[in-house]
Amino acid sequence: MTKLPAFKESFSALIAAPTVSSINPAHDQSNRPAVDLLANWFSDLGFNIELVPVDSAADKVNLVASLGAGGGGLALSGHTDTVPFTETAWRQDPFKLTEKDGRFYGLGVSDMKCFFPIVMAALQSLDLKKIKRPIILLATCDEESTMAGAKALVDAGRSLGRHALIGEPTGLQPVNMHKGVMIETISLGGRAGHSSDPSLGNNAMEGMHVVITALRAWRARLQEEFSNDQFKVPTPTLNFGSIHGGDSPNRICADCELKIDLRLLPGMHVHEIRNRLRQTVTQAIAGSGLQLQFDEVLPGMAAMATDPCSEIVKVAEELTGHSTGAVNFGTEGPYLNSLGMDTVILGPGDIEQAHQANEYIEQARIQPMQDILKKMISHFCM
Ligand SMILES: [Zn+2]
């Protein structure tokens, strides 16, 4: 067995491994540099290592590392990718783990590369010969872009443990719920003509007015149908975020484009809501002669709700001293839940730091997270 690197050494190596993921191919990178490090380290810890290809062309993989066999068990899950960065906005090298003022700086320190060396430290502090139920380390790709890694886990449909913890930045507070999100573009194509005679064209802007009216009524119906008081905004939302159309007051508007953002509650399924949205719009402009086109701006992300009475939520509440709550960002949690795992989001970073230049994590968060993980593993696997 090779000697495992110390915490700071493994953390530095992960930060130095570039793993940006982006829906813009110009920024998108493989996550192999981080996964290969983790595969070596977890192999040295005695884990069985599997690299599962997700997108061969872009060299994206998930790592599934497991120790112990049988039912039950605990999955510790994190994504290996980071968002793109603007070099000039950083005061230090984003790929060099930098210690300053009681903090670690670097791209992805908080969201969420710190999680992996903390897991390793927790494992090293335990007698792994006493494992009775499996510990599974999941390290995914593309969480920041398309969720392709988590979707691949769901498509494989394989059981990966009964309980899961995702170390996304929650400031050491357990989270069991978040909303889902979808963004859609609606485009209408009509016909231009001189403004003096409406019969010369077909006005796309007036068509969009009809669409917006129909969507506002549909939103009101959705908000009656779905509501959850555990969220600060207890209903689903539909925001009219951007509209562009026409080019001149004295020409009939030929094209109009609207972009909307919907935030979905647990129980609302992205594909089902997208179908209902498209039906509503299609019916609203039926017979108008306008060309209608829909585009998904981002693949939709599911809402998450783990049973507040589930064992992992109860244990997380006890270990942190905080009751579980909801957050305003999405995670891979709903995908793990759909694989039959009760999933809690609990990690040492702060979401305010995620996706920011000069991202940092407070060093004081490391040891408490390590203690939580140690107790979690003992509880569920020993
Ligand atoms: Zn994240």
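Residues numbered from 1 in each chain as written. Predicted model: local features only at pLDDT ≥ 70, side-chain atom pairs only at ≥ 80, totals over all residues.

Description of the overall build of the chain
So, step 1. A tally of helices and strands in the chain yields 10 helices and 16 strands.
So, step 2. Oriented by its inertia axes, the alpha-carbon framework of the chain measures out at about 85 × 45 × 40 Å.
So, step 3. In the chain, which comprises 382 residues, the proportion classed as buried is 44%.
So, step 4. Across the chain, contacts joining residues at least 24 apart in sequence account for 78% of those joining residues at least 6 apart. (Helix = DSSP H or I, 4+ residues; strand = E, 2+ residues; numbered from the N terminus. Buried ≥ 20, exposed ≤ 12 C-beta atoms within 10 Å, placed from the backbone. Contact = placed C-beta atoms within 7 Å.)

Things to note about the nonpolar core
Grouped burial of nonpolar side chains is what soluble globular proteins tend to show.
So, step 1. Within the largest apolar cluster, 99 residues are counted, with the highest numbers of intra-cluster contacts made by L38, L74, V119, L137 and L165.
So, step 2. Looking at this core element by element, the count peaks at 8 residues for helix α4 (residues 115-124).
So, step 3. For this core, the domains that each give at least three residues are domain 1 (7-178 + 304-381) and domain 2 (180-301).
So, step 4. With sequence-adjacent residues up to four places away left out, L165 is seen in contact with L74, L76, S77, I312, V344, L346 and M376. (Core = buried A, V, L, I, M, F, W, Y, C linked by C-beta atoms within 7 Å. Domains from an automatic or database assignment.)

Regarding the packing of helix α8 (residues 311-320) against helix α10 (residues 366-381)
So, step 1. Packing of α8 against α10 brings their axes to within 10 Å, and their N-to-C directions diverge by 140°. For the element pair α8 and α10, the recorded crossing hand is right-handed. Judged by residue contacts, V315, L319 and T320 of α8 engage I372, K375, M376 and H379 from α10.
So, step 2. Residues of the contact of α8 with α10, tallied by class, amount to 4 nonpolar, 2 polar and 1 charged. (Axes fitted to C-alpha atoms, helices over the stretch in contact; angles between N-to-C directions. Left-handed = near helix turned anticlockwise from the far one by under 90°. Nonpolar A, V, L, I, M, F, W, Y, C, P; charged D, E, K, R; others polar.)

Details of the pairing of strand β1 (residues 48-55)
Side-chain direction in a regular strand flips from residue to residue, so the side chains alternate between the two faces of the sheet.
So, step 1. The pairing of β1 with strand β2 (residues 60-67) spans 7 bridges and is classified as antiparallel. Opposite N48, over in β2, you have S66 as the bridge partner.
So, step 2. What sits between β1 and β2 in their antiparallel hairpin is a turn of 4 residues, with D59 showing a positive phi close to 55°. (Pairing = 2+ DSSP bridges.)

With respect to α10
So, step 1. With 16 residues, α10 extends 22 Å between its outermost C-alpha atoms, agreeing within 8% with the 22 Å of an ideal straight helix rising 1.5 Å per residue.
So, step 2. For α10, the full list of buried residues reads M369, Q370, I372, L373, M376, I377, F380 and C381. Taken down its axis, α10 places every buried residue within 160° of arc, on the same side.
So, step 3. Next to the buried residues of α10 lie β3 (74-79), α4, β6 (135-140), β7 (163-166) and α8. (Expected span 1.5 Å × (residues − 1). Arc of directions from axis to C-beta.)

Details of unusual backbone geometry
So, step 1. In the segment running from D111 into M112, the intervening peptide bond is cis, with an omega of -5°.
So, step 2. Along the polypeptide, M112 turns up in helix α3 (residues 109-113).
So, step 3. Positioned with a positive phi, D59 is a non-glycine residue whose angle comes to about 55°.
So, step 4. Within the secondary structure layout, D59 lies in the loop between β1 and β2.
So, step 5. For D142, which is not glycine, the phi dihedral falls at a positive 60°.
So, step 6. For D142, the location among the structural elements is in the loop between β6 and α5 (148-156).
So, step 7. Of the residues examined, D142 has 26 C-beta atoms within 10 Å and is grouped as buried.

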